[in-house]
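Residue-level structure breakdown
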Amino acid sequence: MQHTSKLPNVGTTIFSVMSALATKHGAINLSQGFPNFKSDQKLIDLVSNAMNSGYNQYAPMLGNLELREAIAKKYELLYNTSYHPESEIVVTAGATQAIFTIITTFIKPNDEVIIFKPAYDSYEPNVELHGGKVVPIQLQASNGFKVNWHEVKAKINSQTKMIIINSPHNPTGSVFSKDDMLQLENLTRDTNIMVLSDEVYEHMIYDGENHQSACLFPDLKTRSFVVASFCKTFHNTGWRIGYCCAPKELMQEFLKVHQFTVFCIHHPTQKGIADYMQEPKHYLELSDFYQKKRDLFLNLIKDSKFKFTASKGTYFQVLDYSGITQEYDVDFAKRLTVEWGVASIPLSVFNSNNLDNKVLRFCFAKTDDTLKQAADILNGIY
């Protein structure tokens, strides 16, 4: 059988490659972004209770109403803004499905989509799958991966349909400031440009900073989808449950596609999370929880040959290894896994033209013992 691939340049993701390598060689896996500690037993019990209480049939297409109401309350509490639970919030099969559906709904052939690189690896193929053109803007390690908004302005034209942002940013751990968001709002004002704001790490932001959600900026909110993740927030990456919020007129279009992809999401999980969110501390305390892990990890490796600037958000830390070797980052990441026993993610695979800044991404969403074991190894590399 002969066919023409719609994604001819897409292969196995680096996450699969590095995790498989870690498993094969028994390495400590700080590559893929998943916690290796137990989920909150209370949440597991609430989901189990939902199953035992009969929440085992289709949920409403938009999601369990109690969960959508809990999400709406969260936005009122944190951002003093509102999304209507009956028309502006949809529960999805993880943030990745929300991103795919948004792009599927709105991107047509030859539409241009601005993406900041290094970028989460689902953005670009999703755009290409629908005939869109990716317009990459390369962020630089040398200035802390800050956006050059003059460059963004220069890339905007009549074909620009969407700008995808991600803050806190995976893989670099940087965050958008209030000024960044105001610049974005001003650049898109009085245009037809949509914003897809990937905010899955919104509850992991450090050193007293506040998350600058797209919904905080009134004009920006009118043209934005905000995407979030319960998987990341509540340490259950295998549950694949997230959600998105947007103005009613945008969400009506989103639902036309959503109904023919997944239609609805695992009902008892939705009910369990809805009950769990009645106590806001379950997401309000996350920044402190992960900052302690970040600080522990960085304190443990402070005398190593790796250089770093402390991550401002996410549960990832970028380490500069240029003081150790000038190897290509993919090669060094593989050697670090095979020979030393710690797996990480090289950033060049997310950059334009595989730009190699000699940095690797490490996940610190691990037990303290795991971080200590990994640090002992990293400290011994010269």
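All of the points below concern the structure found in this document.

The rules we used
Residues numbered from 1 in each chain as written. Predicted model: local features only at pLDDT ≥ 70, side-chain atom pairs only at ≥ 80, totals over all residues. Heavy atoms only, no water. Helix = DSSP H or I, 4+ residues; strand = E, 2+ residues; numbered from the N terminus. Expected span 1.5 Å × (residues − 1). Contact = heavy atoms within 4.5 Å. Buried < 20%, exposed > 50% of the residue type's maximum accessible area, 1.4 Å probe, protein only. Arc of directions from axis to C-beta. Axes fitted to C-alpha atoms, helices over the stretch in contact; angles between N-to-C directions. Parallel < 35°, antiparallel > 145°, perpendicular 65-115°, else oblique. Left-handed = near helix turned anticlockwise from the far one by under 90°. Salt bridge = Lys/Arg side-chain N within 4 Å of Asp/Glu carboxyl O. Pairing = 2+ DSSP bridges. Patch = residues over 30% accessible without salt bridge, like charges linked within 9 Å, V, L, I, M, F, W, Y side chains within 5 Å. Areas by Shrake-Rupley, 256 points an atom, 1.4 Å probe, with all protein chains shown as cover. Nonpolar A, V, L, I, M, F, W, Y, C, P; charged D, E, K, R; others polar. Right-handed = clockwise from strand over helix to strand, strands pointing away.

Brief notes about helix H13 (residues 286-300)
- Spanning 15 residues, H13 covers 21 Å between terminal C-alpha atoms, matching the ideal 21 Å at 1.5 Å per step.
- Turning to H13, the residues buried within the fold contact helix H9 (230-233), helix H12 (281-284), strand S9 (316-320), strand S12 (359-363) and helix H15 (368-379).

Digging into helix H2 (residues 41-52)
- For H2, with twelve residues, the first-to-last C-alpha span of 16 Å sits near the 16 Å given by 1.5 Å per residue.
- Along H2, the residues that are buried comprise Leu43, Leu46, Val47 and Ala50. Buried residues of H2, seen end-on, are gathered within an arc of 95° and therefore sit on one face of the element.
- Taken together, the buried residues of H2 touch helix H11 (267-276).
- The first or second residue beyond H2 is Gly54, which carries a positive phi of 100°.

Quick notes on the packing of H13 against H15
- Contact geometry of H13 with H15 gives a least axis separation of 9 Å together with a crossing angle of 25°. In this view, H13 runs roughly parallel relative to H15, as classed from their interaxial angle. The way H13 lies across H15 gives a crossing that is right-handed. Contacts between H13 and H15 involve Lys293, Leu296, Phe297 and Leu300 from the first element and Asp368, Leu371, Lys372, Ala375, Leu378 and Asn379 from the second.

Here we look at the pattern of salt bridges
- Summed over the entire model, instances satisfying the criterion amount to 17 salt bridges.
- Taking the shortest distance from any N to any O, the salt bridge between Asp275 and Lys271 comes out at 3.3 Å. One end of the pair is Asp275 and the other is Lys271, both in helix H11 and four residues apart, which spans about a single turn.
- Its relative accessible area of 11% is what places Lys271 among the buried residues.
- Glu327 serves as the salt-bridge partner of Arg335, at 2.6 Å between the closest nitrogen and oxygen.
- Glu327 gets classed as partly exposed once you look at its relative accessible area, which sits at 22%.
- A cluster of three or more residues bridged by salt bridges with shared partners is formed by Lys42, Glu279 and Lys281.

A closer look at the sheet that holds S9
- Judged by pairing direction, the sheet is antiparallel, and its three strands sit side by side in the order S9-S12-S11 without closing on themselves. The strands lining the two open edges of the sheet, one partner per strand, are S9 and strand S11 (345-346).
- Here five bridges tie S9 to S12, and the two strands are oriented antiparallel to one another. Looking at S12, one finds that Gln317 is bridged to Phe362.
- Where helix H14 (residues 329-340) meets the sheet, its contacts fall on S11 and S12, and the angle it forms with S12 comes to roughly 45°.

Remarks on unusual backbone geometry
- In this chain, Lys117 is followed by Pro118 through a cis amide linkage whose omega measures 5°.
- Mapping Pro118 onto the fold places it in the loop between strand S3 (112-117) and helix H5 (123-129).
- The backbone phi angle of Asn110 is positive, close to 75°, even though this residue is not glycine.
- By the secondary structure assignment, Asn110 is in the loop between helix H4 (94-106) and S3.
- In the Ramachandran plot, Phe145 falls in the positive-phi region, its phi being about 60° despite a non-glycine side chain.
- Within the secondary structure, Phe145 is located in the loop between strand S4 (133-138) and helix H6 (149-155).
- Classification of Phe145 as buried rests on a relative accessible area of 10%.

Re a nonpolar patch on the surface
- A grouping of Leu77, Leu78 and Leu284 is seen on the molecular surface, where their side chains present a nonpolar patch of about 250 Å² in accessible area.
- With respect to the helices and strands, the residue Leu78 is situated in helix H3 (residues 65-79).
- Relative accessible area serves as the criterion here: at 31%, Leu78 is assigned to the partly exposed category.

With respect to the packing of H4 against helix H10 (residues 248-258)
- H10 packs onto H4 with a crossing angle of 105° between their chain directions and a minimal axis gap of 9 Å. In terms of axis orientation, H4 runs roughly perpendicular to H10. Here Gln97, Ala98, Thr101, Ile102, Thr104, Thr105 and Phe106 of H4 lie close against H10, whose contacting residues are Leu250, Glu253, Phe254, Val257 and His258.
- Grouping the constituent residues of the contact of H4 with H10 by class yields six nonpolar, five polar and one charged.

Notes on the pairing of strand S6 (residues 194-198)
- Across the five residues that make up S6, a large majority, five, are buried.
- Neither face of S6 is open: one carries Met194, Leu196 and Asp198, the other Val195 and Ser197, and all of them are buried.
- Across five bridges, strand S5 (residues 160-166) lies against S6 in parallel orientation. When the bridges of S6 are listed, Ile163 appears paired with Val195.
- Following the backbone out of S5, through helix H7 (residues 178-188) and into the adjacent parallel S6, one traces a crossover that is right-handed.

On their own, these measurements won't tell you what the molecule is for.
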